[in-house]
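# Commentary on secondary and tertiary structure
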Amino acid sequence: LELVKLQLSADFPELRGVSSENLMYIKEDLIIGHDFSFYDLIATKARGKSGPLFHFDVHDDVRIRNDARVEKDESHPGKVVERRWYERNKHIFPASRWEVF
């Protein structure tokens with residue numbers, strides 16, 4: 001999360017004063033802890049509530065073939081939030097749906 005914070009600090013100046021320990025990564029309504037690496041999650045093919053957390057499979061592009069019957073596996077992007085924001089809003093949607101991985 002430290003690298004994400006450095007990249008986002010240019011667009012979100014309020015992140016400059018926040019330590020990476022106070023940031024949370026949310027993927028598919030799951031709170032991913034700091035003790036997990038992306039490598040571990042991808043290598044073990046970690047699964048969320050609705051399937052794999054990360055998809056790296058090759059599929060035909062529907063736009064090229066113009067065939068709506070082609071299956072698509074679309075994954076939602078992850079979210080990075082401040083722990084303080086989560087504590088204030090965990091009773092409100094969408095944070096109320098998030099669970100610890």
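Before reading further, recall that the structure is shown in the block above.
Residues numbered from 1 in each chain as written. Predicted model: local features only at pLDDT ≥ 70, side-chain atom pairs only at ≥ 80, totals over all residues. Heavy atoms only, no water.

## Some points on the nonpolar core
Formally: To form a nonpolar core, buried Ala, Val, Leu, Ile, Met, Phe, Trp, Tyr and Cys residues must be joined to one another through side-chain atoms within 4.5 Å. In this scheme, a residue with accessible area under 20% of its type's maximum is buried, one over 50% is exposed, and one in between is partly exposed, where area comes from a 1.4 Å probe on protein chains only.
Counting 7 residues, the largest nonpolar core is built from Met24, Ile26, Ile31, Val81, Tyr86, Ala95 and Trp98. Judged by nonpolar contacts, the second largest core, of 6 residues, contains Leu30, Ile32, Ala46 and Leu53.

## Quick look at the packing of aromatic side chains
Under the convention used in this document: Any two of the Phe, Tyr and Trp rings considered here, Trp counted by its six-membered ring, make a pair once their centres fall within 6.5 Å; the pair's planes then place it as stacked at under 30 degrees, edge-to-face at over 60, or tilted in between. Secondary structure elements follow DSSP: runs of H or I of four or more residues count as helices, runs of E of two or more count as strands, with numbering from the N terminus.
The tally for this structure, following the rule as stated, stands at 5 aromatic pairs. Between Tyr25 and Phe38, the ring centres sit 5.3 Å apart and the planes meet at 80 degrees, which makes this aromatic pair edge-to-face. Residue Tyr25 is found in strand E1 (residues 23-27), and its partner Phe38 is found in helix H2 (residues 38-43); the two are separated by 13 residues along the sequence. Relative accessible area serves as the criterion here: at 43%, Phe38 is assigned to the partly exposed category. Ring geometry for Trp85 versus Trp98: centroids 6.1 Å apart, planes at 40 degrees, classification tilted. Of this pair, Trp85 sits in helix H4 (residues 83-89) while Trp98 sits in the loop between H4 and strand E6 (99-100), and the two are 13 residues apart along the sequence. Looking at Trp98, the relative accessible area reads 7%, which means it is buried. One aromatic cluster is present, formed by Tyr25, Phe38 and Phe54 through successive ring pairs.

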